[in-house]
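Reading the structure
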Amino acid sequence: MMTPRLLLLQSLAAAAVVTPLAAQSAKRPIDDVQVLADDRWGGRFTGTPGNDSAAAYIARRFAQVGLRPAGRDGWYQPFTIAPDAPIVHQVPALAGARSQNVVGVLPGRDRALRDEYVIVGAHFDHLGLGPFGAMDPDSITVHNGADDNASGTAALIEIARQLRDRGTRRSVLFLAFSGEELGLFGSAQYVKAPVLPLDRATAMVNLDMVGRLRNDRLIVYGVQTAAEFPALLDSLNRLPGAGFDLKAQGDGYGPSDHASFYAAKKPVLHVFTDLHEDYHRSTDDADRINAPGLERVATYTAQVVKALADRPAPLTFVDLPPPVAAGSSRGGSGSYLGSIPDMTESPGGVRLTGVRAGSPAEQAGIRAGDIITRIGDYPVADLQGMTDAMRNYKPGDTVTIVVLRDGQPVSVTATFGRRGG
């Protein structure tokens, strides 16, 4: 049964708009940025009315560009922030807060391939009034997040519009995530409870901060996660209107929503126009967006998505070890396990969304979904407890780690590696 809150969201999404449908569908990406980055949304902080209103606006725009609702409740995939989630220690008011992803699908046209799908995603939440996450913590004012990530959300809508007109062989699932700024909550929710079978997802393309193109420089992370990505990106960059100074590089790790899908063993790409002086500051406003550049990035990404959705064969997934700079545990001893924690809850331990390829955790037989409850002599109740336990061991130490797997305790033996080694 739909809750009163979801009924309100649905009514907001269905509300009449002033301009005709055709004019709404033909909006430019900068128009959507200006709406989402308006002060009236209050910075779109997860769990707030402004975030809910932004979700309703995105649902309406998804409908206007021809997508079909694909969420658990119409356009929405709701989730609740658990009271024991690590983020609640920093922002207690988030305990029990409710939010939602917005989910739309463009059905594929090929009978043999349309049950498979490519995911295109972008988060729409931001920092609210601060100071949480802000680079200007003394500025308690609306942080509109025009580039981070109204730009990615606007590009998501534009990609849907372009692909609606062109069609794709596989289906394309469009996901607007909430909760990214809190620790990838929305994308983690999708991976844990996908609205379509996750084994039928062939790739995920993430748009995060794509509105500040400078000197034609476009960064695409994740190019190493599928053998076919380098040649594909390079060939599409030769098409008219592209011609970027393309920096295609990197693995599937990183602090944005694609990382949730890479942990689930999916090829991923993260499209990005780089950091700037307004990042996580109240000055990240719509008037600083490079509107023509945003359109070019959206069009290029639409071509990437179409190529992925139309290719006859699946991609060749590459499971990479962690990068030197990002592959460490936070223990002060420098010991390294290689587990990827689920930041959305602490179910009597540390649930893992995955383990890094070639890591001590993988070698010990630790798996995604395991809940670490003890490391050596030390109980692990939450992420802080895991950090504290790790500090008591050094690289080369061998310990017994206890995990809950399918509700049953399992003991494994792991030898810690060296952070950055």
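Note: the structure precedes this text.
Read on for a plain summary of the structure. (Residues numbered from 1 in each chain as written. Predicted model: local features only at pLDDT ≥ 70, side-chain atom pairs only at ≥ 80, totals over all residues. Heavy atoms only, no water.)

Quick look at the overall build of the protein
Where we set the bar: The helix count covers DSSP runs of H or I at least four residues long, the strand count covers runs of E at least two residues long, and both are numbered beginning at the N terminus. Within these notes, the globule rule equals 2.2 Å times the number of residues to the 0.38 power, and the radius of gyration is based on C-alpha atoms. Accessible area is worked out with a 1.4 Å probe on protein chains only. A residue is then buried under 20% of its type maximum, exposed over 50%, and partly exposed in between. Should any heavy atoms of two residues lie within 4.5 Å, those residues are counted as being in contact.
Along the backbone of the protein there are twelve helices and 17 strands. Taken over C-alpha atoms, the radius of gyration comes to 21 Å for the protein, in line with the 22 Å a tight globule of 421 residues would show. Taking all 421 residues of the protein together, the buried fraction comes to 57%. Considering only intrachain contacts with a sequence separation of at least 6, the fraction spanning at least 24 residues in the protein is 76%.

Considerations on helix H7 (residues 185–192)
When we look at burial in H7, the residues that qualify are Phe185, Gly186, Ser187, Ala188 and Tyr190. Along its buried surface, H7 packs onto strand E2 (76–80), helix H5 (86–90), strand E3 (98–106), strand E4 (117–123), strand E5 (171–177) and helix H9 (258–263).

Notes on the pairing of strand E12 (residues 350–355)
Regular strands show a simple pattern: their side chains alternate between the two faces of the sheet. Heads up, the condition is: Only strands joined by at least two bridges in the DSSP assignment are considered to pair.
With three bridges joining them, strand E11 (residues 339–341) and E12 adopt antiparallel strand pairing. For Pro341, the partnering residue across the bridge sits in E12 and is Leu352. As defined by bridge partners, E12 adjoins strand E13 (residues 371–375) across two bridges and the pair is classed as antiparallel. The partner of Arg351 across the bridge, within E13, is Ile371.

Quick look at the packing of helix H3 (residues 29–36) against helix H10 (residues 291–310)
Note the cut-off: Working convention: axes come from line fits to C-alpha atoms, limited for helices to the stretch in contact. Angles between N-to-C directions cover 0 to 180 degrees. Just so you know how the angles are binned, under 35 degrees is roughly parallel, over 145 roughly antiparallel, 65 to 115 roughly perpendicular, and the rest oblique. When residues are grouped by polarity, Ala, Val, Leu, Ile, Met, Phe, Trp, Tyr, Cys and Pro land in nonpolar, Asp, Glu, Lys and Arg in charged, and all others, Gly among them, in polar.
In the contact formed by H3 and H10, the axes pass within 9 Å of each other and the chain directions differ by 110 degrees. What the angle tells us is that H3 and H10 run roughly perpendicular. Contacts from Pro29, Ile30 and Val33 in H3 reach Ala291, Leu294 and Glu295 in H10. Tallied by class, residues from the contact of H3 with H10 come to five nonpolar, no polar and one charged.

A few points about the pattern of salt bridges
Formally: By definition, a salt bridge exists where a carboxyl oxygen of Asp or Glu is found within 4 Å of a side-chain nitrogen of Lys or Arg.
For the structure shown, the criterion picks out 21 salt bridges. A salt bridge links Arg161 to Glu158; the shortest N-O distance between them is 2.7 Å. Of this pair, Arg161 and Glu158 both sit in helix H6 (residues 146–166), three residues apart, which is roughly one turn of the helix. The class of Arg161 is partly exposed, set by a relative accessible area of 22%. Note that Asp342 is salt-bridged to Lys192, the shortest N-O span being 3.3 Å. Placement of Asp342 in the loop between E11 and E12 and of Lys192 in helix H7 is noted, with a sequence separation of 150 residues between them. Given the relative accessible area of 4%, Asp342 is considered buried. Overlapping salt bridges, with partners in common, bring together Glu158, Arg161, Arg164 and Asp165 in one network.

Some words on the packing of H3 against helix H4 (residues 49–64)
For clarity, the threshold we go by: Should the near helix be turned anticlockwise from the far one by less than a right angle, the crossing is termed left-handed; should it be turned clockwise, right-handed.
As a packed pair, H3 and H4 sit with axes 11 Å apart at the nearest point and diverge in direction by 160 degrees. In terms of orientation, H3 and H4 fall into the roughly antiparallel class. Relative to H4, the crossing made by H3 is right-handed. Where H3 abuts H4, its residues Asp32, Val35 and Leu36 lie against Ala54, Tyr57, Ile58 and Arg61. Broken down by class, the residue content of the contact of H3 with H4 amounts to five nonpolar, no polar and two charged.

As for the packing of aromatic side chains
Defined as follows: Aromatic pairs are defined between Phe, Tyr and Trp rings, using the six-membered ring for Trp, whenever the two ring centres lie within 6.5 Å; interplanar angles under 30 degrees are classed as stacked, those over 60 as edge-to-face, and all others as tilted.
Summed over the entire model, instances satisfying the criterion amount to ten aromatic pairs. Pairing Tyr190 with Phe261 gives two aromatic rings, centres 6.0 Å apart and planes at 35 degrees, and the pair type is tilted. Of this pair, Tyr190 sits in helix H7 while Phe261 sits in helix H9, placing them 71 residues apart in sequence. Exposure class is identical for Tyr190 and Phe261. Each is buried. Consider the rings of Tyr393 and Phe416, whose centres lie 5.7 Å apart with planes at 35 degrees: the pair is tilted. Of the two residues, Tyr393 sits in the loop between helix H12 (383–390) and strand E15 (398–405) while Phe416 sits in the loop between strand E16 (408–415) and strand E17 (417–418), which places them 23 residues apart along the sequence. Residue classification places Tyr393 among the buried residues on the basis of a relative accessible area of 11%.

Here we look at helix H8 (residues 229–236)
The condition that has to hold: Directions pointing from the helix axis toward each C-beta atom define the arc.
For H8, the set of buried residues is Phe229, Leu232, Leu233 and Leu236. Relative to the axis of H8, the buried residues are bounded by an arc of 95 degrees and lie together on one face. Contact partners of the buried residues in H8: strand E7 (217–221), strand E8 (245–249), strand E9 (268–272) and H10.

Quick notes on unusual backbone geometry
In this model, Gly130 is joined to Pro131 through a cis peptide bond whose omega is 0 degrees. Take Pro131: it is sitting in the loop between E4 and H6. Of note, the bond from Asp148 into Asn149 is cis; its omega dihedral lies within 30 degrees of zero at 5 degrees. On the secondary structure map, Asn149 appears in helix H6. Backbone geometry at Asn215 places phi at a positive 55 degrees, although glycine is not the residue there. Residue placement: Asn215 occurs in the loop between strand E6 (201–207) and E7. Given a relative accessible area of 75%, Asn215 falls into the exposed group.

A closer look at the side chain of Asp342
Rule in force here: N or O atoms within 3.5 Å of each other form a polar contact, as long as, within protein, one can give a hydrogen and the other can take it, and as long as residues adjacent in sequence are counted only when both atoms are side-chain atoms.
Here the side chain of Asp342 touches Lys192 through a polar contact of 3.3 Å, side chain to side chain. Aside from chain neighbours lying at most four places away, what touches Asp342 is Lys192, Arg351, Leu352 and Thr353.

With respect to the nonpolar core
Inclusion rule: Among the buried residues, those of types Ala, Val, Leu, Ile, Met, Phe, Trp, Tyr and Cys that are joined through side-chain atoms within 4.5 Å form a nonpolar core.
If you look at the biggest cluster of nonpolar residues, it comprises 65 residues, and the most contacted ones within it are Val33, Phe62, Val102, Phe174 and Leu308. Tallying contributions element by element places H10 first for this core, with ten residues. Among residues more than four places away in sequence, those in contact with Leu308 are Val118, Arg170, Ala203, Val205, Phe229, Leu232 and Leu315.

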